[in-house]
Amino acid sequence: MYRNPRLAPGPMQPAIRRMRECDLDEVLFIEKSSFLSPWSRCAFENEMRAVYAYPMVMTQEFLPRIQGYLCFWILSDECHILNLAVHPSCRRKGVASRLIGNLLDVCSRKRILACHLEVRASNQVARSLYGKFGFQHEGVRKKYYSDTGEDALIMKRRIS
């Protein structure tokens, strides 16, 4: 659960918590609405079972109940962001920023040294979002995305 007192959930305030099996239909709708090559139900189920994985959802009391989700791994002293998506009706409302803020809080509490991710070179919205949180371009993975052959930019942020 998200524990930042400034953004603690209130009566109508969304909450961030670990993804559950009952969330998967809504998560899969968001996934299919967001990506050319969406993750499968099995991929999300594997994330929920893995001890190093942190599949998180941002929830609210009214529809859509799941506003967005973020999947990341913590391995040793590093964090790797795997997947972030927001419900189409909730985009541009701070959901992704709240999820990333929660991730950075988790990393700080766990004394993680750095967080990294891959992002499509053409995804300016995501690149800008990550840049806002201090992620910087670290390299390129050529032809990383099998659906289009597009390059991925590697972005990294040190955690203090």
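Residues numbered from 1 in each chain as written. Predicted model: local features only at pLDDT ≥ 70, side-chain atom pairs only at ≥ 80, totals over all residues. Heavy atoms only, no water.

**Points about the overall build of the chain**
Part 1 of the reasoning: The helix and strand tally for the chain stands at 4 helices and 7 strands.
Part 2 of the reasoning: Written out in order from the N terminus, the α and β elements of the chain read β-α-α-β-β-β-α-β-α-β-β.
Part 3 of the reasoning: What you see for the chain is a C-alpha radius of gyration of 15 Å, in line with the 15 Å of a compact globule of 160 residues.
Part 4 of the reasoning: Across the 160 residues in the chain, those meeting the buried criterion constitute 48%.
Part 5 of the reasoning: Taking contacts inside the chain between residues at least 6 apart in sequence as the whole, the part at least 24 apart equals 60%.
Part 6 of the reasoning: When the accessible surface of the chain is summed, it comes to about 8800 Å², and 54% of that surface belongs to carbon and sulfur atoms.
Part 7 of the reasoning: Placing the 25 positive and 16 negative side-chain charges of the chain at their respective mean positions leaves the two points 5 Å apart. (Helix = DSSP H or I, 4+ residues; strand = E, 2+ residues; numbered from the N terminus. Rg over C-alpha atoms; globule rule 2.2 N^0.38 Å. Buried < 20%, exposed > 50% of the residue type's maximum accessible area, 1.4 Å probe, protein only. Contact = heavy atoms within 4.5 Å. Areas by Shrake-Rupley, 256 points an atom, 1.4 Å probe, with all protein chains shown as cover. Lys, Arg positive; Asp, Glu negative; His and termini not counted. Charge placed at Lys NZ, Arg CZ, Asp CG, Glu CD.)

**Notes on helix α3 (residues 95–109)**
Part 1 of the reasoning: For α3, spanning 15 residues, the distance from its first C-alpha to its last is 21 Å, which sits close to the expected 21 Å at 1.5 Å a residue.
Part 2 of the reasoning: Where burial is concerned, most of α3 is hidden: 12 out of the 15 residues are buried.
Part 3 of the reasoning: Of the residues one or two after α3, Arg111 is the one with positive phi, at around 60°. (Expected span 1.5 Å × (residues − 1).)

**Considering the sheet that holds strand β3 (residues 66–75)**
Part 1 of the reasoning: Spatially, β1-β2-β3-β4-β5-β7-β6 is the arrangement adopted by the 7 strands of the open sheet, whose pairing is mixed. Only two strands of the sheet have a single partner each, and these edge strands are β1 (15–18) and β6 (136–141). Across this sheet, the average inter-strand angle for adjacent strands is 25°, counted without regard to direction.
Part 2 of the reasoning: For strand β4 (residues 78–86) and strand β5 (residues 114–120), the ladder comprises 4 bridges, and the chain directions are parallel. Counted as the bridge partner of Glu78 is Ala114 from β5. (Pairing = 2+ DSSP bridges. Axes fitted to C-alpha atoms, helices over the stretch in contact; angles between N-to-C directions.)

**Here we look at the packing of α3 against helix α4 (residues 124–132)**
Part 1 of the reasoning: Interhelical geometry of α3 versus α4 gives an angle of 45° and a closest axis separation of 11 Å. Classified by the interaxial angle, the pair formed by α3 and α4 is oblique. Crossing of α3 against α4: the hand is right-handed. Judged by residue contacts, Ala96, Ser97 and Ile100 of α3 engage Leu129, Tyr130 and Lys132 from α4.
Part 2 of the reasoning: Of the residues assigned to the contact of α3 with α4, the class counts are 4 nonpolar, 1 polar and 1 charged. (Parallel < 35°, antiparallel > 145°, perpendicular 65-115°, else oblique. Left-handed = near helix turned anticlockwise from the far one by under 90°. Nonpolar A, V, L, I, M, F, W, Y, C, P; charged D, E, K, R; others polar.)

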